[in-house]
Amino acid sequence: MTNQKPELCYAGRHQLVFLRCGGAMATDAITAIRFGLFEVDLVRGTLARQGLKLRIQEQPFRVLELLLRKNGEIVSREELRQSLWPEGTHVNFDGSLNAALKKLRAALQDDAENPRFIETVPRQGYRFVAPVHIITESQTNALLGPTGGMEGAETPIEVRLRLNPDFPDSLGVGEAGWNKQRVERTQQWFDFLLLAAGILFGSWLLFFIVYPVPRPSVQRMNRITNDGRIDEWGGIVSDGTRIFFLERDAGHWNLMQTSVEGGNAEKLTAPFQNTRLFAISPDHSQFLVGQFTRRDEEMPLWLWPVQGGEPRRLGQTTGHDPAWSPDAMQIVFVRGHDLYSVRRDGTQLRKLLHVEGDPHTPAWSPDSRNIRFTVDVSEYGTQAIWETTAEGNNPHAILAAGNTPSRQSSGTWTADGKYFLFSGCDQYDCNLWAMRDVWSWFRRSHHTPVPLASGPDALKVATPSQTSSRVFAFNFRSRRELEKLDPRTMRTTTLSLDTHTEEASVSSDGEMVVYSDRPEGSLWRSRTDGSQRLRLTSPPLSGLAPRWSPKGEQILFTGVRTGQARQIYIVASDGGALRPVLPEGWEGADADWSPDGYRIVVVMRNRKTHPQFGLYTLEPTTGAWKELPDSKELGQPRWSPDGRHIVCIDSSHRNLVMLDVQRGRWLPVASGGFLDKPYWSEDSAYLFFQDQSDDEESVFRVDVATQARERVAGFGEILRGSAAHCFFSGLGRDGSLYVMLERGLTDIYALDLDLP
């Protein structure tokens, strides 16, 4: 009998297999073909790997079918073309076939250079080289190898396959057993890794919860300066070896410097008489300075070389509180209610953001992406730190109300950007606060602000040095004394009041005094010798600008509650219930009695109907009010004892103006640098006021009839002594002046911090 190879044939869409041996032919329907870890389902037309269906397109699948049909034989590219693309089909054959083979090999995880399934035969075609397991409809599995033959012409040979067959090595089919062992080892490794990951995660979670990042704290506090005359408005700037600050010297300011380790402060030769140093560039080559005559004015900004030389204007910029970006290419500053940015060469000036309130002290984040700044809403007595992007987008407050101070200001990042430091105040109690700004995945961290230092002395306005663990801050100790001064002899008599007095008003007969205290802001009434002391208000209400009624029976004052609109109240001089006097929906800023005591003149506004502050007369008993003409943005109204005039100071504090009540006409009275505290003489013939920008913070008087102006008293000798400021606080019947002396001391301290 002649030996013949069996021939595998298909019918239809390869649903039948014909196994011919010699002259005999066996016919059975094929349902699937397996090779390696893959299975081709010919009924459903799908390809699966270990039971998981794979996504494969029609052309790659048809190529696979054709290669399986001629398993072990070379299939030419022409055969593939004729099978896949009949005549008349217009297609880029080479590109389409190469793409189909590439997708097929990707699905089978096969490599053309080192093939396990599809071999490329150069210049001839392609060949399927892996063993194939045929599954027929009768569950008979036939094994055909690339070189597998059959001996005998009459009887077909059957090989039945299990799902995970075990083949003896002698048959050369150990791949299935090896695959099974690999799966078992993979599962063991997976279980081990899963267990290890669970142990590590549990350990981390326990450590994360039980051992959080410690809170920041002050480790040591050293005093740097010792003269006590520092003006904290000038801020603190450090280049790592020196610190720079302002010192008030009568009517002007000196720019001072000292070592970061302390020592004697020296006057720095500045380009202008009044020079404020705002910042130093990141490369320590230039100072950002401003030229000013008054503390509250917008000032031209200049760049001044650190090594000395002539300053250079920063374009045409005017404003205050400029700050360098970390890359030293941009500068952000404040002008009015807006934030601006400008290039260091003075070009590309643009407005970033308009703020509802008074913005100040902007600071860049270390990555230059964000800017934080303080917003002061004075009528509500609040300050909050806000954040915006470097482009001026998404402005928002960063601290929610709650366990945070009501007034937050002067914020800046530490050198490493890990913490944000700011000054936090409640009434007059100010402390240095820290807020962690970096998230730690390893340990739980606190992102709520915490106070770093507290006590009887207040700390505020922190400026990081070159190391993140050391900062500089102002520490001020303040006490005020109310003095009665004879302007002819300049002799003073001290009134026996609390040393924590903020402001005071003496009755017209000179026997009683009402004053507000620190830090609560409560109103107290007592005799000028300190006896018969009585509390009139209690926290959380603070009393400002108290005024005695003409007969001394009532007291008018401005009441402030944090986060609420200011209200004007009346209280009896011997205590009792407070009576608000403003119409519903209105907020007030300051007020004074009419000579008859039945009306008041008040600065107030209604945000809906009268959005700007203006001057009004109001009858507290009836609530009837009347707006005075042309009185927008005027403050500190004072009604003359004869009732003929009302005097006010404009919003710039440069001009004193007077209203003729009968004619309804305003007249200029006086002008100066920074006018404050107008008071009438008892006969209404003279108007007294103080110019705080004067070298001696002098008190002047103007003759109402002739407009002649003369100096009444200067406080130069007192200011050169122990007093930092003198505030004019009223007139006595005998022509004496009441003066509040500020004997506070302000110095700079270095704080070594633990910032974990």
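Thresholds applied
- Residues numbered from 1 in each chain as written.
- Predicted model: local features only at pLDDT ≥ 70, side-chain atom pairs only at ≥ 80, totals over all residues.
- Heavy atoms only, no water.
- Helix = DSSP H or I, 4+ residues; strand = E, 2+ residues; numbered from the N terminus.
- Buried < 20%, exposed > 50% of the residue type's maximum accessible area, 1.4 Å probe, protein only.
- Contact = heavy atoms within 4.5 Å.
- Areas by Shrake-Rupley, 256 points an atom, 1.4 Å probe, with all protein chains shown as cover.
- Pairing = 2+ DSSP bridges.
- Axes fitted to C-alpha atoms, helices over the stretch in contact; angles between N-to-C directions.
- Parallel < 35°, antiparallel > 145°, perpendicular 65-115°, else oblique.
- Left-handed = near helix turned anticlockwise from the far one by under 90°.
- Nonpolar A, V, L, I, M, F, W, Y, C, P; charged D, E, K, R; others polar.
- Core = buried A, V, L, I, M, F, W, Y, C linked by side-chain atoms within 4.5 Å.
- Expected span 1.5 Å × (residues − 1).
- Arc of directions from axis to C-beta.
- Polar contact = N/O pair within 3.5 Å; in protein donor to acceptor, adjacent residues only side chain to side chain.
- Phe/Tyr/Trp six-rings, centres within 6.5 Å; stacked < 30°, edge-to-face > 60°.
- Salt bridge = Lys/Arg side-chain N within 4 Å of Asp/Glu carboxyl O.
- pLDDT = per-residue confidence, 0-100.

Novice: Lay out the overall build of the chain with the relevant residues and their values.
Specialist: Within the chain, the secondary structure is distributed over five helices and 58 strands. For the chain, with 756 residues in total, the buried portion stands at 48%. Here the contacts in the chain between residues at least 6 apart in sequence split such that 42% fall between residues at least 24 apart. Total accessible area on the chain is roughly 37,100 Å²; 50% of this is exposed by carbon and sulfur atoms.

Novice: I'd like to hear about the pairing of strand β52 (residues 675-680), residue by residue, with values.
Specialist: Of all six residues in β52, five are buried, a share of seventy percent or more. Where β52 and strand β53 (residues 686-691) come together, four bridges link them in antiparallel fashion. Within the sheet, the bridge partner assigned to aspartate 676 lies in β53 and is glutamine 690. Here β52 folds back onto β53 in antiparallel fashion, the turn holding five residues, of which serine 684 has a positive phi close to 65 degrees.

Novice: Summarise the packing of helix α1 (residues 58-69) against helix α2 (residues 77-84); cite the residues concerned and give the values.
Specialist: Remark: α1 packs on α2, axes separated minimally by 11 Å, with the N-to-C direction vectors making an angle of 125 degrees. Classified by the angle their axes make, α1 and α2 are oblique. The handedness of the crossing between α1 and α2 comes out as right-handed. Residues Gln59, Arg62, Val63 and Leu66 of α1 touch α2, and the partners they reach there are Glu79, Leu80, Ser83 and Leu84. Considering only residue class, the contact of α1 with α2 consists of four nonpolar, two polar and two charged.

Novice: So what about the packing of α1 against helix α3 (residues 93-108)? Which residues, and what values?
Specialist: For any two helices packed against each other, one specifies the crossing angle of their axes together with the interaxial distance. Contact geometry for α1 and α3: axes closest at 8 Å, N-to-C directions at 80 degrees. Taken together, the axes of α1 and α3 are roughly perpendicular relative to one another. Contacts between α1 and α3 involve Gln59, Pro60, Val63 and Leu64 from the former and Leu97, Ala100, Leu101, Lys103, Leu104 and Leu108 from the latter. Its residues assigned to classes, the contact of α1 with α3 shows eight nonpolar, one polar and one charged.

Novice: Any details on the sheet that holds strand β21 (residues 330-335)? Residues and values, ideally.
Specialist: With respect to topology, seven strands assemble into an open sheet ordered β17-β18-β19-β20-β21-β22-β23, the strand pairing being antiparallel. Lying at the two open borders of the sheet, with one neighbouring strand each, are β17 (275-280) and β23 (350-354). On average, each strand axis in the sheet is tilted by 45 degrees relative to the strand beside it, whichever way the strands run.

Novice: Kindly report on the pairing of strand β50 (residues 655-660), identifying the contributing residues and their values.
Specialist: Here is the key point about a regular strand: its side chains alternate between the two faces of the sheet. Among the six residues that make up β50, five are buried, leaving the element largely enclosed by the rest of the structure. Here β50 hands over to strand β51 (residues 665-671) after four residues, with glycine 664 in that stretch at a positive phi of 65 degrees.

Novice: Now, about the nonpolar core: what can you tell me, with residues and values included?
Specialist: The tendency in soluble globular proteins is for nonpolar side chains to be buried side by side. Judged by nonpolar contacts, the single largest core of 31 residues is most densely connected at Phe35, Val63, Leu64, Leu108 and Phe128. If you list the elements that add at least two residues to this core, you get β3 (24-35), β4 (38-41), α1, α2, α3, β9 (125-128) and β10 (132-136). Sort the elements by how many residues they give to this core and α3 lands first, with seven residues. Beyond its immediate stretch of four places on either side in the chain, valine 63 contacts Leu80, Leu84, Leu97, Ala100, Leu101 and Leu104.

Novice: Pulling in residues and values, what's your account of unusual backbone geometry?
Specialist: Cis peptide bonds are those with omega within 30 degrees of zero, and the linkage from proline 539 to proline 540 qualifies with 10 degrees. Secondary-structure assignment places proline 540 in the loop between β39 (534-535) and β40 (542-548). Even without a glycine there, the phi angle at glutamine 348 is positive, about 55 degrees. The residue glutamine 348 is located in the loop between β22 (338-343) and β23 in this model. Residue glutamine 348 is classed as exposed on the basis of its relative accessible area of 59%. Positive phi, close to 50 degrees, is recorded for glutamine 636, a residue that is not glycine. Following the sequence through the fold, glutamine 636 ends up in strand β48 (residues 634-639). With relative accessibility at 16%, the residue glutamine 636 sits in the buried group.

Novice: Describe the sheet that holds strand β7 (residues 74-75), listing the residues and the values that go with them.
Specialist: The strands making up a sheet associate through hydrogen bonds between their backbones, and the pairing can be parallel or antiparallel. Read from one edge of the open sheet, three strands run β7-β9-β8, paired in antiparallel fashion. Edge strands, defined here as strands with exactly one partner in the open sheet, are β7 and β8 (118-121). Across two bridges, the pairing between β7 and β9 is antiparallel. The partner of valine 75 across the bridge, within β9, is tyrosine 126. Together, β7, β8 and β9 form the strand contacts of α1, whose direction differs from that of β9 by roughly 70 degrees. Against the sheet, α3 touches β8 and β9, its axis set at about 145 degrees to β8.

Novice: Break down α3 for me, with residues and values.
Specialist: For the α-helix, the turn length of 3.6 residues means that residues three or four positions removed from each other point alike. The terminal C-alpha atoms of α3 lie 22 Å apart, and with 16 residues this matches the ideal 22 Å at 1.5 Å per residue to within 8%. Those residues of α3 not exposed but buried are Phe93, Leu97, Ala100, Leu101, Leu104, Arg105, Ala107 and Leu108. The arc that holds the buried residues of α3, viewed along the axis, is 160 degrees, so those residues lie on one side. Counted as exposed and oriented over 90 degrees from the buried face of α3: Lys102 and Ala106. Directly after α3, the chain includes glutamine 109, whose backbone phi takes a positive value near 55 degrees.

Novice: I'd like a description of the side chain of serine 409, backed by residues and values.
Specialist: Structurally, serine 409 can be placed in strand β28 (residues 407-413). Residue classification places serine 409 among the buried positions, given a relative accessible area of 7%. Among all residues touching serine 409, those that are not within four sequence positions of it are His360, Thr374, Gln383, Ile385, Phe422 and Ser423.

Novice: Please give an account of the side chain of threonine 374 that cites residues and values.
Specialist: Position of threonine 374 relative to the elements: it lies in strand β25 (residues 370-377). At 3.3 Å, the side chain of threonine 374 and the side chain of threonine 361 are in polar contact. Threonine 374 has contacts with Asp358, Pro359, His360, Thr361, Gln383, Ala384, Ile385, Gln408, Ser409 and Ser410, leaving out every residue within four places of it along the chain.

Novice: Pulling in residues and values, what's your account of the packing of aromatic side chains?
Specialist: Geometrically, a pair of aromatic rings is defined through the distance of the ring centres and the angle of the planes. With the rule as written, the count across this model stands at 22 aromatic pairs. Seen from their ring centres, tryptophan 233 and tryptophan 253 are 6.3 Å apart, and the 55 degrees between their planes marks the pair as tilted. Note that tryptophan 233 is positioned in the loop between β12 (217-223) and β13 (237-238) and tryptophan 253 in strand β15 (residues 252-259), a separation of 20 residues in sequence. For tryptophan 233, a relative accessible area of 18% puts it in the buried group.

Novice: Could you give an account of the pattern of salt bridges, naming the residues involved and the relevant values?
Specialist: Any two side chains of opposite charge can pair if their charged atoms end up close together. In total, this model carries 26 salt bridges according to the counting rule given. Across the pair glutamate 78 and arginine 81 runs a salt bridge, and its minimum N-O distance is 2.7 Å. With a gap of three residues between them, glutamate 78 and arginine 81 both fall in helix α2, about one helical turn apart. Judged by its relative accessible area of 24%, arginine 81 is partly exposed. Where glutamate 511 meets arginine 527, a salt bridge forms, and the shortest distance between an N and an O atom there is 2.9 Å. You can see glutamate 511 sitting in the loop between β36 (501-506) and β37 (512-517) and its partner arginine 527 sitting in strand β38 (residues 523-527), a full 16 residues away along the chain. Judged by relative accessible area, arginine 527 falls into the partly exposed class, the value being 25%. Each of the salt bridges in this network shares a partner with another, and the network as a whole consists of Arg220, Glu261, Arg470 and Asp752.

Novice: Before we move on, can you summarise the confidence of the model for the chain with the specific residues and values?
Specialist: Taken residue by residue, the chain gives an average pLDDT of 82. The fraction at 70 or more is 85%. Confidence over residues 1-27 falls short of pLDDT 50; this stretch has 65 contacts with residues more than four positions distant or in other chains. Note on residues 140-173: pLDDT is under 50 here. Beyond four places in sequence and across chains, it has 56 contacts.

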